[in-house]
Amino acid sequence: MKLKNIKINNFRNFKEVSLDLDNKNIIFGRNDFGKTNFLYALRFLFDPTVRKNGFQITDYHKRNIDEKIIIQVELDISEQCDDNEFIRARVKGATSFSEDTLIIQIEGEFDQEKQIGNPVLKWGGAIDEMSLITQKGIISSLDNIFEVIYVSPNISPTELFKKHRTLLYKETKTDNTDKINRAIEFLNTVISQDSRVQHVNSQLTEKYKEIRSESVQIKLQSEHEVSGIFNHLTPYIHDENPAVEEFLYPTAGDGRQKILAYALTNLIEELKIEEKADKRISIFLMEEIENSLHPTMQQIISRNLFYKNKDLYPYLFVTTHSEHMFTYADEVKLIRIYKDKEGFVQNNSVFFLVPEEYKGTRKIFNEKLAEALFFDRVLLVEGMSEKILFEYIIEKMIYEVGCIDFNVVEEIKVLSIEGIGFESYIRILNELGITALIKTDNDIKKINNENKVTLLGIRRCQKMNAMINGVSNDKYGLAEPYQYCTGLNYESISDRNKVKHEVYTTYKSEIEKWADNGIYLSEIELEEDLYAALPEDHIHKLPFSNFITHLQDAKKKNMNEYVNNYLTTDIAKTIFYDDRFNCLKKLVEVDEYDY
């Protein structure tokens, strides 16, 4: 089975949604944008305990009860596998459907008299072939196929243990029957001999004899029986050192409780598979499972779900507002829920597959990508020196110059990709509706034994521009090697910079068009751009014999030293409004400033 698509109309904060799905999905976004409502849409469709109460007025988008709520999921069941055979066998004869597709739908038409929306389930192979799903009480034929396992942010290991105790152990079997019976007998004796029980005995005896004089005594006898030997077991966490007698759970905090709950969930699913205790197909809905967990533990949970125990959760939806939950994600659908400038909820999804060249280092790649996913606009830069400079300037413009609304910090991100290719980020960010801007260097590389250079920077920009425009590199065309003046010495930095200047001038018209797509190319490199933007009197005051060389010698360290010791608010303002740094104005959406 493959989860293919979901449509949500007129439900809560979703007016109209159509998103591609996959069998593993991560739904992310800022707080109160609709992640929980997205899961509730799935719960209304697949969970009878949620569906039985019907749709309330507040479930209708902006209380628009004149329009039906419609929640629809499309499944691809074309492949030959156990789950698809199971679905076909259960659905066959109940509705007309192809062997490839099954659409499941719930709709709610509001009943004015009863003040509730009545949930109606349908299924079929196509929208015009839908038929009603039979229902008995609150359970429908659909519920005999699928089971929703909802893991709440406040999951309790104790409740989870009790709910699945019949699966975890056989209640009627024990190898300690005699010991348990003797213990129960001793317990009954102790209770019966309690002083409070004896006091009641004497009172009852006295009252009895007031009615009838007789040589008897009334005694309360405890009669506890073994009914479900393991019914009252509760999981506790103890220190492995037997000398430490105190148990840790539940006094150890929410973090340990949640980890124990996830461990129990893993065990329960393994037992289901081994014993075939539940024939239904499980769909897991996990809501903000990172709550109460340290970032390191969040990464461990990510590894558990998407790597180590990924086969236990074949159909999975995870909501999160933590970048750490993406650490081990691979072969998942990323679903972004956000609001546009008018405040309307928007949704985008993209299939995420770790690039082949980063399969062994996907943690590094994923951590970088995840940093960008919760922002509206991201400026991708090559290294930490650009990030240090740009973030410092933006902070000066926000908090000291005041030309940028401070709320913009929630919307923007400067991301240093540290040598990982721009294209991998651009594709994912753009498909998720996140604006990706790029600032890159005009790199060149000499071709051996020739008076030519490969235009690495130009070709990089051409590839990114083609990707943004949705055309192939072959069709768009890439720059051929560039022949420079034979009188120049490529080994000389100054001569090499002359070549870069020639290249920049040659491609200037293209470079200007690339800027319209958010691609900004330095004439030479960042340090030369910075030097050209700085006032002469500022440069003369710096204690460096060669400012550019100084910055390039140890980029991160020396840039950090410069911005902290020499970059004033006025100089930051000058850099910000220089045309060489239009990427910053685009990032914060500032066109001009009234001096």
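Residues numbered from 1 in each chain as written. Predicted model: local features only at pLDDT ≥ 70, side-chain atom pairs only at ≥ 80, totals over all residues. Heavy atoms only, no water.

Caption draft 1: Structural view of the overall build of the chain. Within the chain one finds 22 helices and 21 strands. Taking 2.2 N^0.38 as the reference for a compact globule, 595 residues should give roughly 25 Å; the C-alpha atoms of the chain span a radius of gyration of 33 Å, well beyond that estimate. Taken along the three principal axes of its C-alpha coordinates, the chain extends 130 × 65 × 50 Å. For the chain, the proportion of its 595 residues judged to be buried stands at 48%. The long-range share in the chain, meaning contacts at least 24 apart out of those at least 6 apart in sequence, stands at 69%. As displayed, the chain has an accessible area near 31200 Å², and 47% of this comes from carbon and sulfur atoms. Side-chain charges in the chain split into 75 positive and 97 negative, and the spacing between the mean points of these groups amounts to 3 Å. (Helix = DSSP H or I, 4+ residues; strand = E, 2+ residues; numbered from the N terminus. Rg over C-alpha atoms; globule rule 2.2 N^0.38 Å. Buried < 20%, exposed > 50% of the residue type's maximum accessible area, 1.4 Å probe, protein only. Contact = heavy atoms within 4.5 Å. Areas by Shrake-Rupley, 256 points an atom, 1.4 Å probe, with all protein chains shown as cover. Lys, Arg positive; Asp, Glu negative; His and termini not counted. Charge placed at Lys NZ, Arg CZ, Asp CG, Glu CD.)

Caption draft 2: Spatial organisation of the sheet that holds strand β2 (residues 14-20). With respect to topology, six strands assemble into an open sheet ordered β2-β1-β4-β5-β6-β7, the strand pairing being antiparallel. Every interior strand has two partners, whereas the edge strands, β2 and β7 (131-132), have only one. Strand direction decides the pairing type here: strand β5 (residues 101-111) and strand β6 (residues 116-124), joined by nine bridges, are antiparallel. When the sheet's bridge partners are listed, isoleucine 104 is paired in β6 with tryptophan 123. Sheet strands touched by helix α1 (residues 35-46): β1 (2-11), β2, β4 (69-76), β5 and β6. Its angle to β1, the strand with the most contacts, is close to 105 degrees. (Pairing = 2+ DSSP bridges. Axes fitted to C-alpha atoms, helices over the stretch in contact; angles between N-to-C directions.)

Caption draft 3: Summary view of the pattern of salt bridges. Following the criterion strictly, the structure yields 28 salt bridges and no others. Arginine 362 is the salt-bridge partner of aspartate 330, the closest N and O atoms lying 3.5 Å from each other. One end of the pair, aspartate 330, is in the loop between β12 (316-320) and β13 (332-339); the other, arginine 362, is in helix α10 (residues 362-372), with 32 residues separating them in the sequence. For arginine 362, a relative accessible area of 11% gives the class buried. Residues lysine 498 and aspartate 495 are paired through a salt bridge, measuring 3.9 Å at the closest nitrogen-oxygen approach. Taken as a pair, lysine 498 and aspartate 495 lie in helix α15 (residues 493-506) at a separation of three residues, close to a single helical turn. What emerges from the salt-bridge pattern is a single network uniting Lys341, Arg377, Glu411 and Glu589. (Salt bridge = Lys/Arg side-chain N within 4 Å of Asp/Glu carboxyl O.)

Caption draft 4: Spatial organisation of the side chain of serine 192. Relative to the helices and strands, serine 192 is located in helix α6 (residues 177-192). Residue class for serine 192 comes out buried when judged on its relative accessible area of 8%. Among residues more than four places away in sequence, those in contact with serine 192 are Val197, Gln198, Leu220, Gln221 and Ser222.

Caption draft 5: Here's a closer look at the packing of aromatic side chains. Evaluated as defined, the whole model comprises 22 aromatic pairs. Between tyrosine 60 and phenylalanine 110, the ring centres sit 5.5 Å apart and the planes meet at 90 degrees, which makes this aromatic pair edge-to-face. Here phenylalanine 110 lies in strand β5 and tyrosine 60 lies in the loop between α2 (48-51) and β4, a separation of 50 residues in the sequence. Per residue, the accessibility class of tyrosine 60 equals that of phenylalanine 110, and both read buried. Ring plane angle 35 degrees and centroid distance 6.4 Å describe the contact between tyrosine 484 and tyrosine 490, whose orientation is recorded as tilted. (Phe/Tyr/Trp six-rings, centres within 6.5 Å; stacked < 30°, edge-to-face > 60°.)

Caption draft 6: Summary view of the sheet that holds strand β15 (residues 377-381). Here we have four strands laid out as an open sheet, ordered β16-β15-β17-β21, and parallel in their pairing. Edge strands, defined here as strands with exactly one partner in the open sheet, are β16 (412-416) and β21 (519-521). Strand after strand, the sheet turns through a mean of 15 degrees between neighbouring axes, direction not considered. Where β15 and strand β17 (residues 435-440) come together, five bridges link them in parallel fashion. Considered in β17, the bridge of valine 381 is made with lysine 439. Across the sheet, helix α11 (residues 384-401) lies against β15, β16 and β17, angled at about 160 degrees from β16, the strand it touches most.

Caption draft 7: Geometry of the side chain of aspartate 376. Position of aspartate 376 relative to the elements: it lies in the loop between α10 and β15. Among the polar contacts made by the side chain of aspartate 376, one reaches the side chain of arginine 30 at a distance of 3.2 Å. (Polar contact = N/O pair within 3.5 Å; in protein donor to acceptor, adjacent residues only side chain to side chain.)

Caption draft 8: Representation of the UniProt feature "domain: OLD protein-like TOPRIM" (unreviewed entry) in the chain in the model. The sites that carry the UniProt feature "domain: OLD protein-like TOPRIM" (unreviewed entry) are, in the present numbering, residues 373-443. Taken as a whole, residues 373-443 contains 39% helix and 23% strand, while its terminal C-alpha atoms sit 28 Å from one another. (UniProt positions renumbered as here; feature names shortened; annotations may be inferred.)

Caption draft 9: Quick look at the pairing of β16. By the criterion of burial, β16 is predominantly enclosed, with five of the five residues buried. Of the two faces of β16, the one lined by Ile412, Val414 and Ser416 and the one lined by Lys413 and Leu415 are each fully buried. Relative to β16, β15 runs parallel, the two sharing five bridges. By the bridge assignment, valine 381 is partnered in β16 with serine 416. Handedness of the crossover joining β15 and β16 through α11 is recorded here as right-handed. (Right-handed = clockwise from strand over helix to strand, strands pointing away.)

Caption draft 10: Seen up close, helix α9 (residues 295-308). Helix length check: α9, at 14 residues, gives a terminal C-alpha distance of 18 Å against a target of 20 Å (1.5 Å per residue), a fit within 8%. When α9 is considered as a whole, its buried residues turn out to be Gln298, Gln299, Ile301, Ser302, Asn304, Leu305 and Phe306. (Expected span 1.5 Å × (residues − 1).)

Caption draft 11: Representation of a nonpolar patch on the surface. A grouping of Val200, Leu204 and Leu220 is seen on the molecular surface, where their side chains present a nonpolar patch of about 210 Å² in accessible area. In this fold, leucine 220 is placed in the loop between α7 (195-211) and α8 (254-275). A relative accessible area of 38% places leucine 220 in the partly exposed class. (Patch = residues over 30% accessible without salt bridge, like charges linked within 9 Å, V, L, I, M, F, W, Y side chains within 5 Å.)

Caption draft 12: Examining unusual backbone geometry more closely. One non-glycine residue with positive phi stands out, namely aspartate 32, at about 65 degrees. Note on placement: aspartate 32 falls in the loop between β3 (24-28) and α1. Aspartate 32 gets classed as exposed once you look at its relative accessible area, which sits at 73%. For arginine 63, which is not glycine, the phi torsion reads 60 degrees and is therefore positive.

Caption draft 13: Representation of helix α17 (residues 526-533). Burial runs high along α17: six of the eight residues are buried. For α17, the secondary structure elements touched by its buried residues are α11, β17, α15, α19 (547-553), α20 (555-565) and α21 (569-576).

Caption draft 14: Representation of the pairing of strand β14 (residues 345-352) within the structure. With respect to burial, β14 is a largely interior element, six of its eight residues being buried. As consecutive antiparallel partners, β13 and β14 are separated by five residues, and within that stretch glycine 343 has a phi angle of approximately 90 degrees, a positive value.

Caption draft 15: Representation of the packing of α11 against α21. In contact at an axis separation of 9 Å, α11 and α21 are set at 115 degrees when each is read in the N-to-C sense. Between α11 and α21 lies a crossing of left-handed hand. Residue-level inspection shows Ile393, Lys396, Met397, Glu400 and Val401 of α11 in contact with α21, the latter providing Thr569, Ala572, Lys573, Ile575 and Phe576. Along the lines of polarity and charge, the residues of the contact of α11 with α21 split into six nonpolar, one polar and three charged. (Left-handed = near helix turned anticlockwise from the far one by under 90°. Nonpolar A, V, L, I, M, F, W, Y, C, P; charged D, E, K, R; others polar.)

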